[in-house]
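# Geometric and topological summary
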Amino acid sequence: MRVEVGPDLDSFRTAARGLLARGVSPEQVLFTEEGSGQGSLLAPAVVPASAPVAGLSVPPAFLELAQKVACHRSPERWGLLYRVLWRLTHGERKLLEVESDADVYRVLTLAKGVQRDAHKMKAFVRFRRVEREGEEFFIAWHRPEHFIVRYVAPFFARRFPSMRWSILTPDASVSWDLEQLTYGPGVPRSQAPEGDALEEMWRTYYASTFNPARLNVRAMRAEMPKKHWATLPETRLIPELVRQAPQRTSRMVSPKLELSESSRFMPEHQDLASLAQAAQGCRACPLHERATRTVFGEGPAGARLMLVGEQPGDQEDRVGRPFIGPAGQLLDTVLAAVGLEREQLYVTNAVKHFGWVEGEEKQRLHAKPGRSEVLACKGWLDAEVAQVRPKMILCLGATAAQAFLGPGFRINLSRGQIFETPWAKAWMATFHPSALLRMPDERARAQARIHFEADLRRAADTLRALG
């Protein structure tokens, strides 16, 4: 039996309901689509409309899948949907839970393809402004892979309810008149406007948000296929932005030469022990006046990974060792979880003295060091890096990162990224563990902990890759 259906899900549902009511198995029916030009010696059968079959119900998950699969361009979709529908209604009620089943796997594959295409349409449609009889309209042309105009159009109606717009595609078109959606036939690209004044604004915005350090050309091509470039104004900028990316990234991590006051206290021999001894007498900034002692870095010379924090805390200041308080304990836990042994690392701070203010109960409260104090201590940090010569530096917190890259570094933009720098082959910044401990919101704290662990795991992987 050959059954001809329209290009939409409703037509299929009508036909499928009639076939099920008459007990027609999938092997007995061949679905073809109206206007497909698919030839056959058999005349299409007209399946009489049928009321829902008593006692026959379909899982909601199937209806959701069918809505997507119906949009797929594959001619097999109607026969596939009917075969799955037949099995669901003939003793295999939980069929969709068996993803290894060949029919289920194929249905899910088609649905994912449509979902991916819909995502790209939502991301890549660019409206051009035009005027008709004094009224403003916005028109876009897009080439989707599948028949998704009706599937995606409600999204644009919700997103741009106060605009009169049309989206034109080779297969179908849709217009929004502020009240309802109207569908029409496909339209060639030649009938769509080529550009407008908004494009320059869009290109300026795209260029300003383009982060060269995050550039991954392969991922960009996968996410933004070239077939869509013709209607995306920002793509004209991409070749030049890609070409300039290495130079711009290099500038982002180039050190800015600033004289450190601590250079006046440097010993003649700059091995780690001599540096630590000389730092005890450092008076390069006022922080030494209230601190109990200088807290210098510790760890083996030649350590492959150097951890740099902000400044010692209350407990570190009393004992004279870095990262031994609550933040240090959290750090030790995560280091162990990602397979790093603290004894093999060099751990230090950008600032060697504890800066604090007195609290209401006379406790010593952490006070973030200023730029002048970070710069005053920079000589000690540079000397430590020169002696340890780590393969990788991991900065804990913005202050540590800015000690290397200057105040322009933003940890919220570049956390977790790996840079090649003059100080180490690999350099990364992540959260300071004390920041995690201070977060009042439990959900935000849990999320930050996930990122923190992921960053340290990536650091461990990078270290292994460096050999």
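The structure we're discussing is the one just above.
Everything numeric here is computed off the predicted structure, so don't read it as measured data. (Residues numbered from 1 in each chain as written. Predicted model: local features only at pLDDT ≥ 70, side-chain atom pairs only at ≥ 80, totals over all residues. Heavy atoms only, no water.)

## What to know about the overall build of the chain
Spelled out, the test is: Strands here mean DSSP runs of E at least two residues long; helices mean DSSP runs of H or I at least four residues long; both are numbered from the N terminus. Each residue gets one of three labels from its accessible area relative to the maximum for its type: buried under 20%, exposed over 50%, partly exposed in between, using a 1.4 Å probe on protein chains only. Between two residues, a contact is recorded if the distance between any of their heavy atoms is within 4.5 Å. The accessible surface values rely on the Shrake-Rupley method and a 1.4 Å probe; as for residues, cover is taken only from the protein chains in view.
Counting its regular elements, the chain contains 16 helices and 13 strands. Dimensions along the principal axes, computed over C-alpha positions, put the chain at roughly 100 × 60 × 50 Å. Within the span of the chain, comprising 467 residues, buried residues form 46% of the whole. Across the chain, contacts joining residues at least 24 apart in sequence account for 72% of those joining residues at least 6 apart. When the accessible surface of the chain is split by element, carbon and sulfur atoms take 52% of a total near 24,700 Å².

## Considering the packing of aromatic side chains
Convention followed: Any two of the Phe, Tyr and Trp rings considered here, Trp counted by its six-membered ring, make a pair once their centres fall within 6.5 Å; the pair's planes then place it as stacked at under 30 degrees, edge-to-face at over 60, or tilted in between. By definition, being over a ring means that NZ of Lys or CZ of Arg is both within 6 Å of the ring centre and within 35 degrees of the ring normal.
The final tally for this structure, using the stated rule, is 15 aromatic pairs. Ring geometry for F12 against F31: centres 5.7 Å apart, planes inclined by 50°, an arrangement best described as tilted. On the criterion of sequence distance, the pair formed by F12 in helix α1 (residues 9–21) and F31 in strand β2 (residues 30–33) is long-range, its members being 19 residues apart. For the ring pair F296 and W380, a centre distance of 6.2 Å and an interplane angle of 85° mean the geometry is edge-to-face. Here W380 lies in helix α12 (residues 371–388) and F296 lies in the loop between α9 (272–279) and β8 (305–309), a separation of 84 residues in the sequence. Grouping residues by exposure puts F296 and W380 together as buried. The structure contains a cluster of three or more aromatic residues connected by ring pairs, namely F12, F31, W78, Y82 and W86. The residue whose ring lies beneath R290 is W356, and the NZ or CZ to ring-centre distance is 3.8 Å. Looking at R364, its charged tip hangs above the ring of W356, at a distance of 5.3 Å from the centre.

## Remarks on the sheet that holds strand β9 (residues 346–349)
Heads up, the condition is: Note on pairing: two strands pair once DSSP finds at least 2 bridges between them. Interaxial angles span 0 to 180 degrees and are taken between N-to-C directions of axes, which are lines fitted to C-alpha atoms, for helices over the stretch in contact.
Pairing is parallel across the open sheet formed by four strands, whose spatial order is β9-β8-β12-β13. Two strands in the sheet have a free side with no partner beyond their single neighbour: β9 and β13 (426–430). Direction aside, neighbouring strands of the sheet carry axes that sit 20° apart on average. Packed on one face of the sheet, α12 meets β8, β9 and β12 (392–396) and runs near 170° to β9.

## Re the pairing of strand β3 (residues 128–132)
Here β3 runs beside strand β4 (residues 135–141); their pairing, made up of five bridges, is antiparallel. Opposite R132, over in β4, you have E135 as the bridge partner. Where β3 folds back onto β4 in an antiparallel hairpin, the turn is made up of two residues, including E133, whose phi is positive at roughly 50°.

## With respect to unusual backbone geometry
Excluding glycine, a negative phi dihedral is what most residues carry, and trans is how most peptide bonds are arranged. For F323, which is not glycine, the phi torsion reads 55° and is therefore positive. Here the phi dihedral of R389 falls at roughly 50°; this positive angle occurs in a residue that is not glycine. Looking at where R389 falls in the secondary structure, it is placed in the loop between α12 and β12.

## Here's the deal with the sheet that holds strand β7 (residues 181–185)
Pairing is mixed in the open sheet, where five strands are placed in the order β3-β4-β5-β6-β7. Each having just a single partner strand, β3 and β7 make up the two edges of the open sheet. Taking the axes of each pair of neighbouring strands and ignoring which way they run, one obtains an average angle of 25° across the sheet. In this fold helix α5 (residues 149–159) packs onto β5 (165–168), β6 (172–176) and β7, with an angle of close to 145° to the strand it touches most, β7.

## A closer look at the side chain of D317
Summarising the element assignment, D317 is placed in helix α10 (residues 314–319). A relative accessible area of 0% means that D317 is categorised as buried. Non-local contacts of D317, meaning those with residues more than four positions away in its chain, are made with A291, T292, R293, V295, P312, F354 and R364.

## Focus: helix α13 (residues 398–405)
Because each turn of an α-helix spans 3.6 residues, side chains separated by three or four positions end up pointing in the same direction. The buried count for α13 comes to seven of eight residues, which makes it a mostly enclosed element. For α13, the complete set of buried residues consists of T399, A400, A401, Q402, A403, F404 and L405. Downstream of α13 by one or two residues, G406 has phi in the positive range, about 90°.

## Structural notes on the side chain of R2
For clarity, the cut-off: Only four residue types enter the tally: Lys and Arg on the positive side, Asp and Glu on the negative side; His and the chain ends are excluded. Salt bridges, as used here, are contacts in which a Lys or Arg side-chain nitrogen is within 4 Å of a carboxyl oxygen on Asp or Glu. Whenever a nitrogen or oxygen atom comes within 3.5 Å of another N or O atom, the pair is scored as a polar contact, on the condition that within protein one atom can donate a hydrogen and the other can accept it, and that pairs from neighbouring residues in sequence are kept only if both atoms are in side chains.
By secondary structure assignment, the location of R2 is in strand β1 (residues 2–5). No salt bridge forms around the buried R2; measuring N to O, its nearest opposite-charge neighbour E4 is 4.1 Å away. Polar side-chain contacts of R2 include one of 3.1 Å to the side chain of T32.

## Points about the state of the cysteines
As a reminder of what qualifies: Cysteine sulfurs are considered disulfide-paired once they come within 2.5 Å of each other.
Enumeration according to the criterion identifies zero disulfides in this entry. Take C282: it sits in no disulfide, and the sulfur closest to it among the cysteines is that of C377, at 5.8 Å. Residue classification places C282 among the buried residues on the basis of a relative accessible area of 6%.

## Describing the nonpolar core
For clarity, the cut-off: The term nonpolar core refers to a set of buried residues drawn from Ala, Val, Leu, Ile, Met, Phe, Trp, Tyr and Cys, joined through side-chain atoms within 4.5 Å.
Formed by 39 residues in total, the largest nonpolar core has its most connected members in V308, W380, I393, C395, F404 and W427. Looking at this core, the elements with two or more residues in it are α9, β8, α12, β12, α13 and β13. Looking at which element gives the most residues to this core, the answer is α12, with eight residues. Contact partners of C395, with chain neighbours within four places excluded, come to V308, A400, A401, F404, W427, M428, A429 and T430. Formed by 30 residues, the second largest nonpolar core is a distinct cluster that contains L9, V24, V69 and V84.

## Side note on the environment of H288
Positionally, H288 belongs in the loop between α9 and β8. Filtering out sequence-adjacent residues up to four positions away, H288 remains in contact with C282, R283 and H353.

## As for the packing of α12 against α13
Any two packed helices are characterised by how steeply their axes cross, that is the angle between the axes, and by the distance between the axes. So the rule is basically this: For classification purposes, angles smaller than 35 degrees are called roughly parallel, those larger than 145 roughly antiparallel, those between 65 and 115 roughly perpendicular, and all remaining angles oblique. Residues are grouped as follows: nonpolar covers Ala, Val, Leu, Ile, Met, Phe, Trp, Tyr, Cys and Pro; charged covers Asp, Glu, Lys and Arg; every other residue, Gly included, is treated as polar.
For the pair α12 and α13, interaxial distance at closest approach is 10 Å and the crossing angle is 75°. Classified by the angle between their axes, α12 and α13 sit roughly perpendicular to one another. For the pair α12 and α13, contact is made by R371, V374, K378, L381 and V385 and by T399, Q402, A403 and F404, respectively. Of the residues assigned to the contact of α12 with α13, the class counts are five nonpolar, two polar and two charged.

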